[in-house]
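# Topology and contacts: notes
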Amino acid sequence: MSDTRVNPAGGLTVQSLKANPRQARKERLIRDCLGGTALVSVLISGLIIWSLFSEAWTFMVEVDWGSVWDIGWFPRRGIYDIKTLIVASLIVTGIAMIVAGPLGLGAAIYLSEYARPGVRRTLKPILEILAGIPSVVLGFFALEWIAPNVVKTLFGGPAAGSLLAAGIGVGVLVVPLVASISEDAMKAVPMSLREASSGLGARKITTTIRVVLPAAVSGLMAAFIVAVSRALGETMVVFMAGGAAQTAVYTHDPLEGSLPLTAGMTSLARGTDSVVGEGLTFQSLFFVGLMLFVVTFALNVVADRFVHRVREQY
Amino acid sequence: MEQAEPEASPRLGLDIDRKMQAAVPNSTGDTVFEVEDLNVYYGDFRAVQEATFTVYEHEITAMIGPSGCGKTTVLRCFNRMNDLIPIARVEGRLDFREVPIYDPRVDPVEVRRRIGMVFQKPNPFPKSIYDNIAFGPRVCGMAKKKSELDGIVEQSLNRAALWDEVKDRLKDSALGLSGGQQQRLCIARAIAVDPDVLLMDEPCSALDPIATARIEDLMQEIKNDYTIVIVTHNMQQAARISNRTAFFTAQLDSTTDQRCGLLVEYDRTETIFSNPSDERTENYVTGRFG
């Protein structure tokens, strides 16, 4: 231990300022462990993408491309009309965002700008609990309540599953997500900007629209992206309430039932026996997965570009 | 408007106020703010007790005192900025040009359009320089045409001695300006809506001495058109620029055992700094306390 002490005669030496070797080893070990965990998660993602691409590649090489642009999605009969799935997915996601966008943003504005602290303290956790409702519950709700009471009564559609019912159901599912992330983004806008605005004689709604929302736009966009990704990837609600049980023929009418990407995969993947063995049925699953990946990825890129253009950094 | 006040004001300070008035150059002698027995509470906590003083037109009134003495709280009452804090409550009389601004019929938004505010930390919007200045006029619907708005922007920046520095980059973000420039931008932004009064809450505390000197010069220039009330921690600043000074201190309230802001003395600035009547003021301005 004597070499770690200051030399009593000659004062400070390099030796006395050297790192304790045990401490240094421990530090390195911790760093390597944490680096290892980061590496593992990257590796897993890489493997997922690899398996997705390789099987999808087999499908794309071997498939008769005429059957990828056909009347509907009937993989067991060798008819893989991909536009049926993509269009159905986009319709459901679009409807979901029409429902969740205004509702979620309105709730966020209320909570962040208007609600008294006590109200906010009560409502925010409730909202976050809502985000944890299992999607199978909402799927059932969409099929049993939204379809007969909203789709049939208001829009004259079928009381059974339809893209509209599924879209509204997914919308309800992502409202808490949109509201919660948007509220966080708006709360993060400095109070001093609100004070500056009201000091100039701006009303609360003016301050919100012209100061808070522009300053929070990157967070709002993040909320939107997360919600869209969630809506595109949502499986249970669209499978239960989207009318997948009845039909898989191409349609772009929201009042009809159809098969979004995720529901298409689910309906194929019920039990491995029914998937493996019949031509390209198994590989088509990965092709659909790849399409889902591409759509979500493209959306993220577009949204990111948009945020960079309109962002007001504070 | 008179309903709140019975006949002649019983306040003994009135005659003295008139005499003090005559000695201040520039001043029109008109009263801008009449504060009487002002109490401000945050929940159960009393932040300011029974402040009584008068702010006169086209003067610079300074509020000085140690931290926690309630001077900023009083300042934020003048344009009802305390309304933004849900638990804040104001009692007593606060008349702006003889109108009690805490009357339930008064809209705080209308008050704030007439009483501008500059904050401690420069707080430009994350928008362009032009849009920062144009914000108020746009919100208040002051300019109908683009050319009118351009005129207001140029005039405001000119008055805040910032035009020459930014005229070639009006479309650039205001956040690219230096701290001193940002604060002058905030002053220009407040002036753009042509307010009657300018409230300044330690406007130089985040600035270096050169930027501070520029802001002080600016205040001297614009005080012919505006009444200015400034909170400052810097006693030299109060002595340099203000016509009148209010000295606040924090005093232990014996009933609640909490510290509460108290207006100790209000007078001409020369008097406060050379011949104060209260010992606490003397101790503070000579640096023996605070």
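Since the model is a prediction, treat every value here as computed from it, not as a measurement.

### Some thoughts on the overall build of chain A
In terms of helices and strands, chain A carries 12 helices and two strands. Scaling as 2.2 N^0.38, a compact globule of 314 residues should have a C-alpha radius of gyration of about 20 Å, whereas chain A reaches 27 Å, well beyond that. Counting only C-alpha atoms and orienting by the principal axes, one finds that chain A spans roughly 90 × 60 × 35 Å. Counting the 314 residues in chain A, one finds 38% classified as buried. In chain A, of all internal contacts separated by at least 6 residues, the share reaching a separation of at least 24 is 73%.

### Description of the environment of Gly261 of chain B
All names here are of chain B. Tracing the chain through its elements places Gly261 in strand 10 (residues 258-268). Spatially, the C-alpha atoms of Gly261 and Arg159 are 35 Å apart, while their sequence positions differ by 102 residues. Once residues lying within four places of it in the same chain are set aside, the contact partners of Gly261 are Ala47, Val48, Gln49, Cys69, Gly70, Thr73, Phe248 and Ala250.

### Notes on the packing of helix 4 (residues 117-130) of chain A against helix 6 (residues 163-187) of chain A
All names here are of chain A. The contact between helix 4 and helix 6 brings their axes to 8 Å, and the two run at 135°. In terms of their interaxial angle, helix 4 and helix 6 are classed as oblique. Handedness of the helix 4/helix 6 crossing: left-handed. Contacts between helix 4 and helix 6 involve Leu127, Glu128 and Leu130 on the former and, on the latter, Pro176, Ala179 and Ser180. Taken together, the residues that form the contact of helix 4 with helix 6 break down as four nonpolar, one polar and one charged.

### Some words on helix 2 (residues 21-62) of chain A
With 42 residues, helix 2 of chain A should cover 62 Å at 1.5 Å per step; its first-to-last C-alpha distance of 60 Å lies within 8% of that length. The buried fraction of helix 2 of chain A amounts to two of the 42 residues, a small share that puts the element mostly on the outside.

### Overview of the confidence of the model for chain B
All names here are of chain B. Confidence in the prediction for chain B averages 86 pLDDT; 90% of positions are at 70 or higher. Per-residue pLDDT, averaged within each element of chain B, yields its smallest value for helix 1 (residues 13-22) (46) and its largest for strand 8 (residues 227-231) (95). Note on residues 1-22: pLDDT under 50 across the span, and 11 contacts to partners over four residues away in sequence or across chains.

### Remarks on the interface of chain A and chain B
Between chain A and chain B, the contact holds 18 residues from the first and 21 residues from the second. Counting residues per element, the ones that place at least two in the side of chain A that touches chain B are helix 7 (191-199) and helix 8 (204-215) of chain A. At six residues, helix 7 of chain A tops the list of elements feeding residues into the side of chain A that touches chain B. Among the residues forming the side of chain A that touches chain B, the class breakdown is eight nonpolar, six polar and four charged.

Basis of the calculations
- Residues numbered from 1 in each chain as written.
- Chains lettered and ligands numbered in written order.
- Predicted model: local features only at pLDDT ≥ 70, side-chain atom pairs only at ≥ 80, totals over all residues.
- Helix = DSSP H or I, 4+ residues; strand = E, 2+ residues; numbered from the N terminus.
- Rg over C-alpha atoms; globule rule 2.2 N^0.38 Å.
- Buried ≥ 20, exposed ≤ 12 C-beta atoms within 10 Å, placed from the backbone.
- Contact = placed C-beta atoms within 7 Å.
- Axes fitted to C-alpha atoms, helices over the stretch in contact; angles between N-to-C directions.
- Parallel < 35°, antiparallel > 145°, perpendicular 65-115°, else oblique.
- Left-handed = near helix turned anticlockwise from the far one by under 90°.
- Nonpolar A, V, L, I, M, F, W, Y, C, P; charged D, E, K, R; others polar.
- Expected span 1.5 Å × (residues − 1).
- pLDDT = per-residue confidence, 0-100.

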